[in-house]
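Listed below, chain by chain, are the residues.
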Amino acid sequence: MIEQGFAPDYPISDGGSGLWVGQKAVMLEFSCHGDVFHIQQQFEQIANSLARRVQEGKTRLMREAQLMGKTSLKDTVE
């Protein structure tokens with residue numbers, strides 16, 4: 001492969017073993033770095049999930065406050 005021009009300066013791979021094995025087979029000096037895409041993607045999913053939960057909590061509190069506002073002492077003192 002190197003004879004055909006494949007000689008990356010900084011190879012990057014995800015955690016899959018197939019790419020690592022293939023690169024190691026064709027490159028004498030094997031040095032492959034892990035990617036950060038998948039980790040970043042997982043953290044974005046967690047952050048979005050937490051943001052939705054916060055928004056749901058705010059919505060629930062507003063609904064409860066509206067229900068409490070509709071209730072008055074007049075309704076209970078008869």
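All of these numbers come straight from a predicted model, not from anything done at the bench.

Here is what the cut-offs are and how they apply
Note that residues are indexed from 1 along each chain, following the sequence as it is written. Residue-level local features of this predicted model are given only where pLDDT is at least 70; pairs of side-chain atoms are given and counted only at 80 or more, and the full residue set underlies all totals for whole chains, interfaces and linings. For the side-chain quantities, the full set of heavy atoms in the structure was used; hydrogens and water were omitted. Only DSSP runs of H or I reaching four residues or more are called helices, and only runs of E reaching two or more are called strands; each is numbered from the N terminus. Categorising residues by exposure relies on relative accessible area from a 1.4 Å probe, with only protein chains included: less than 20% of the type maximum marks a residue as buried, more than 50% marks it as exposed, and the intermediate range marks it as partly exposed. Working rule for contacts: check all heavy atoms of both residues, and any pair within 4.5 Å makes them a contact. Surface exposure here means Shrake-Rupley accessible area, sampled with a 1.4 Å probe, where a residue is shielded only by the protein chains that are shown. The residues that make up patches have over 30% relative accessible area and no salt bridge, and they are joined within 9 Å when like-charged or within 5 Å when they are Val, Leu, Ile, Met, Phe, Trp or Tyr. The salt bridge definition used is simple: a Lys or Arg side-chain nitrogen within 4 Å of an Asp or Glu carboxyl oxygen. Confidence per residue, as judged by the predictor, is encoded in pLDDT with a range of 0 to 100.

Let's shift gears to the overall build of the protein. Scanning the protein for helices and strands turns up three helices and two strands. When its helices and strands are written in sequence order, the protein yields β-α-β-α-α. Across the 78 residues that make up the protein, the buried fraction comes to 8%. Of all intrachain contacts in the protein linking residues separated by at least 6 positions in sequence, the fraction that spans at least 24 positions is 12%. Here the protein has roughly 7,200 Å² of accessible surface; of this, 59% comes from carbon and sulfur atoms.

Our next topic: a nonpolar patch on the surface. On the surface, Ile39, Phe43, Ile46 and Leu50 cluster together into a nonpolar patch covering about 420 Å² of accessible area. In this structure, Ile46 sits in helix 2 (residues 37-70). Residue classification places Ile46 among the partly exposed positions, given a relative accessible area of 45%.

This part is about the confidence of the model for the protein. A residue-level look at the protein finds 86% of positions with pLDDT of 70 or above and a mean pLDDT of 81. Helix 2 holds the highest mean pLDDT among the elements of the protein, 92, whereas helix 3 (residues 73-76) holds the lowest, 57.

Here we take up the environment of Val26. Checked against the element boundaries, Val26 lands in helix 1 (residues 17-26). Along the backbone, Val26 and Ala7 are 19 residues apart, and their C-alpha atoms lie at a distance of 9.8 Å.

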